[in-house]
Amino acid sequence: MNQNIDSAAAVGERHRLRMERKKAIIDAKIASAQKEIGIIVVNTGNGKGKSSSGFGMAIRALGHGMKVGVVQFIKGAMSTGEETFLRRFPDEVSFHVMGEGYTWETQNRERDAEKAQLAWQQALVFLRDPNVGLVLLDELNIALKYGYLDVHTVIADLLERPEMQHVVITGRAAPAELVAIADTVTEMNVVKHAFKAGIAAQAGTEW
């Protein structure tokens, strides 16, 4: 019994020492990261959660009293839970669904490109407004992938935004040029997905 107690105490002490060393390293990194500036966040990859993460950041920004601008590229054929929820806060969130549906549904490149151009014009309204603290450009990566928008023009506009404004960009296949200028990039990968098991997309989990 005493041996077990001694063993547990030793494990606990080793853990404490490891966490003490880890805390010192993390505290030093935090102390050296004092710059505050608006950042560009890119969520990409084939896994689930890119838009969900983006909307989570939008809600976080709202919690800190920021105004939020949302532009959805490509999407638009159906209302989502995020849209329904965020439209409850019209004074804090400006929400624009500018697409007409996924590309395999619309099947009209010219029309999709036209809608993407209009969506970018709305995005520019936000990107030129210092009162908007966070801009979410949902599925912009897809519009760039298919060439509906010029990536170099988009990047130039992003870099000219107000200094403290954050931008979150979602969608598969983020172009290398965008990844290069982004501050934080996350690639989400698939491990399992319910759809492959024949489970339909459902309210609250997919839309």
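Throughout what follows, the structure given in this document is the object of discussion.

Cut-off values and rules
Residues numbered from 1 in each chain as written. Predicted model: local features only at pLDDT ≥ 70, side-chain atom pairs only at ≥ 80, totals over all residues. Heavy atoms only, no water. Helix = DSSP H or I, 4+ residues; strand = E, 2+ residues; numbered from the N terminus. Rg over C-alpha atoms; globule rule 2.2 N^0.38 Å. Buried < 20%, exposed > 50% of the residue type's maximum accessible area, 1.4 Å probe, protein only. Contact = heavy atoms within 4.5 Å. Areas by Shrake-Rupley, 256 points an atom, 1.4 Å probe, with all protein chains shown as cover. Lys, Arg positive; Asp, Glu negative; His and termini not counted. Charge placed at Lys NZ, Arg CZ, Asp CG, Glu CD. Pairing = 2+ DSSP bridges. Core = buried A, V, L, I, M, F, W, Y, C linked by side-chain atoms within 4.5 Å. Expected span 1.5 Å × (residues − 1). Arc of directions from axis to C-beta. Axes fitted to C-alpha atoms, helices over the stretch in contact; angles between N-to-C directions.

## Some points on the overall build of the chain
Helix and strand counts for the chain come out as eight helices and six strands. Along the chain, helices (α) and strands (β) appear in the sequence α-β-α-β-α-β-α-α-β-α-α-β-α-β when read from the amino end. Here the chain has a C-alpha radius of gyration of 21 Å; the compact-globule value for 207 residues is 17 Å, and the former is much larger. Projected onto its principal axes, the C-alpha coordinates of the chain cover approximately 75 × 45 × 35 Å. In the chain, buried positions account for 35% of the 207 residues. Taking the contacts inside the chain whose residues are at least 6 apart along the sequence as the reference set, 80% of them involve residues at least 24 apart. Here the chain has roughly 12700 Å² of accessible surface; of this, 54% comes from carbon and sulfur atoms. In the chain, the 24 positive side-chain charges and the 25 negative ones have mean positions that sit 8 Å from each other.

## Observations concerning the pairing of strand β5 (residues 166-170)
β5 sits mainly inside the fold: four of its five residues count as buried. For strand β1 (residues 40-44) and β5, the ladder comprises four bridges, and the chain directions are parallel. Within β5, the residue paired with Asn43 across the bridge is Thr170.

## Here's the deal with the nonpolar core
Membership of the largest hydrophobic core comes to 31 residues, with the highest contact counts inside it found for Phe73, Trp120, Leu137, Leu140, Leu149, Leu158 and Ile169. Of all the secondary structure elements, the ones that give two or more residues to this core are β1, α5 (109-127), β4 (132-138), α6 (140-145), α7 (151-159) and β5. With seven residues, α5 is the largest single contributor of residues to this core. Setting aside residues no more than four positions away along its own chain, Leu140 makes contact with Phe73, Trp120, Leu149, Val154, Ile169 and Thr170.

## Section: helix α2 (residues 50-63)
Between its terminal C-alpha atoms α2 stretches 20 Å, which fits the 20 Å expected from 14 residues at 1.5 Å a residue. Considered for burial, the residues of α2 that qualify are Lys50, Ser51, Gly54, Phe55, Ala58 and Ala61. Considered in projection along α2, the buried side chains sweep an arc of 130° and stay on one side of the axis. For α2, exposure combined with an orientation more than 90 degrees from the buried face picks out Arg60 and Gly63.

## Thoughts on the sheet that holds β5
Read from one edge to the other, the open sheet built from six strands follows the order β3-β2-β4-β5-β1-β6, with strand pairing classed as parallel. Among the strands making up the open sheet, the edge pair consists of β3 (93-97) and β6 (184-187). Sheet twist, expressed as the average angle between the axes of neighbouring strands with direction ignored, equals 10°. In this sheet, β5 lies alongside β4 in parallel orientation, the contact comprising four bridges. Residue Leu134 lies in a different strand from β5, and its bridge partner there is His166. Sheet strands in contact with α5 are β2 (67-72), β3, β4 and β5, and its direction is about 165° off that of β2.

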